[in-house]
Structures are given as C-alpha cells and as structure tokens.
Amino acid sequence: MLTNIRLISVQEYHQMAEMGIFHPEERLELIAGQIIRMSAKGTAHESAITRTERLLRQRLGDKVLLRIQSPVQLDDYSEPEPDISVVKLNPLDYEDHDPNASEVFLLIEIADSSLKYDREVKANAYAKSGIIEYWILDVNGRKLYMYRLPSPDGYHSESILAEDVTISPLAFGDCAIAIRELLRKI
C-alpha cells in the first residue's frame, strides 16, 4: 500500500476546475481524494436515467428535489456525481453549496458498464459518509442492487432484486416503484 499519496480536497478540486485544468467535456468526479475519470454514457444509461427521474418525479412530486448527475459532497475529499440524487428541499436549490450526506434521501447510479465500480468503490464511499440508501440499477442484468444501513465498514444490508419486484425508498414508504418500470423494454 502506498503511503505517500497526496490527496486532493474538494476545495482544491473546485479550484482546479475554475483554473481550467480539466477539459469542459471531461467527465470526472472526486472520490477519496482521487480524481476519477467516469465512463462514457450509453443510450441505455441515458434512457434509464430519464425513466427513473420521470417515475420519481411522478411519485414524489414536490416533496424532494431531484438532481441529475450533479455533485454531492460526502466529506472534504469526496464529491461524486451520482446519476440521480433524491435530496431534501432547499430554499436556494443548493445554489450556495452541494448537498451533503445529511441532505440526501437516496442516491441512484445507473450501471451499464460501471457495475463493478458502483458496487465496490461508490458503495463504500456512500456508506462511509452515511448515505442512508443507495441503489444501482443494472440495465444489462435487469436487476436492482439496493444498499441500506450504512456504516464506516460498508452497508450492512445489500439486496439484489429482480425486475418483477416492487420497492419503496426508505424515506418514502408510500412510493411504490416496480423495478421493471425503470428498465428498458425488450
């Protein structure tokens, strides 16, 4: 294990972006002090985001704010950009800061080529920061990975659900969503 690695803080990451160090089209996120290049988005990925956002908006209405591929600050060294963030309402719509873990109800990643990364790296980062619920919609495997009960060691509850299951976010028990509604039609 390397011990002399220089981690980048969220503040430094923002300064680098403001200075134009990153190409505007570059898809990056900061995880555990390291700048990670995100994989390219495919059409299955984009359409799953659209379907999921539409369903959540229909079911949750104005109880939450939905943010699409926008930053969430987990701590001083991690600021990922989940595909969908279901966050608490904010009078300024988070103009003055990115949502932090205490303001998040649910984070959702759509996986077509990133399943391993989302399950291992992102799940660990989200659990350590206390994100109460995290879903990964596997569009290729046609299933949903649901993570709950976060701790510094990871999530204590992981369920892998088939497309015929109906689920509800922890914070919104009356919001029933059939997993097949989130997946592309075959």
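Not measured: the values here are computed from a predicted model.

Trainee: Can you help me understand the environment of Arg51 in this one?
Mentor: Here Arg51 lies in helix α2 (residues 43-60). Judged by relative accessible area, which is 17%, Arg51 ranks as buried. Residues Arg51 and Glu181 lie 130 residues apart in sequence; the distance between their C-alpha atoms is 7.6 Å. Polar side-chain contacts of Arg51 include one of 3.2 Å to the backbone oxygen of Leu182.

Trainee: What should I look at first to understand the environment of Gln73 in this one?
Mentor: You can see Gln73 is positioned in the loop between β3 (65-68) and β4 (84-87). Between the alpha carbons of Gln73 and Glu120 there is a distance of 19 Å; along the sequence they are 47 residues apart. Setting aside chain neighbours within four positions, we find Gln73 in contact with Val10, Ser78, Glu79, Asp98, Pro99, Asn100 and Ala101. Here Asp75 takes part through its backbone oxygen, which lies 3.2 Å from a polar atom of the side chain of Gln73.

Trainee: I keep staring at the nonpolar core and nothing clicks. Help me out?
Mentor: As a rule of thumb, nonpolar side chains are buried together in soluble globular proteins. In this structure, Leu56, Val86, Trp135, Leu137 and Leu144 are the most contacted members of the largest nonpolar core, which totals 27 residues. Among the elements of the structure, α2, β4, β5 (104-111), β6 (133-138), β7 (143-151) and α4 (179-182) are those that each provide at least two residues to this core. It is α2 that provides the largest number of residues to this core, a total of six residues. Ignoring anything within four residues of it in the chain, the contact list for Leu144 reads Trp135, Ile136, Leu137, Ser159, Ile160, Leu161, Ile167 and Ile179.

Trainee: Any chance you could explain the confidence of the model for the protein chain here in plain terms?
Mentor: Low pLDDT marks stretches whose predicted atomic positions should not be read closely. Taken over all residues, the pLDDT of the protein chain has a mean of 93, while the share at 70 or more is 97%. The secondary-structure element of the protein chain with the lowest mean pLDDT is α4, recorded at 89, while β4 shows the highest, at 98.

Trainee: Quick question: what am I supposed to make of the pattern of salt bridges here?
Mentor: A side chain of one charge can pair with a side chain of the opposite charge if their charged atoms are brought near each other. Inspection of every chain in the model, using the stated rule, returns 12 salt bridges. A salt bridge links Lys122 to Glu29, with the nearest nitrogen and oxygen atoms 2.9 Å apart. Here Lys122 is found in helix α3 (residues 115-129), whereas its partner Glu29 is found in strand β1 (residues 28-31), with 93 residues between them in sequence. The buried category is assigned to Lys122, whose relative accessible area is 3%.

What counts and how
- Residues numbered from 1 in each chain as written.
- Predicted model: local features only at pLDDT ≥ 70, side-chain atom pairs only at ≥ 80, totals over all residues.
- Heavy atoms only, no water.
- Helix = DSSP H or I, 4+ residues; strand = E, 2+ residues; numbered from the N terminus.
- Buried < 20%, exposed > 50% of the residue type's maximum accessible area, 1.4 Å probe, protein only.
- Polar contact = N/O pair within 3.5 Å; in protein donor to acceptor, adjacent residues only side chain to side chain.
- Contact = heavy atoms within 4.5 Å.
- Core = buried A, V, L, I, M, F, W, Y, C linked by side-chain atoms within 4.5 Å.
- pLDDT = per-residue confidence, 0-100.
- Salt bridge = Lys/Arg side-chain N within 4 Å of Asp/Glu carboxyl O.

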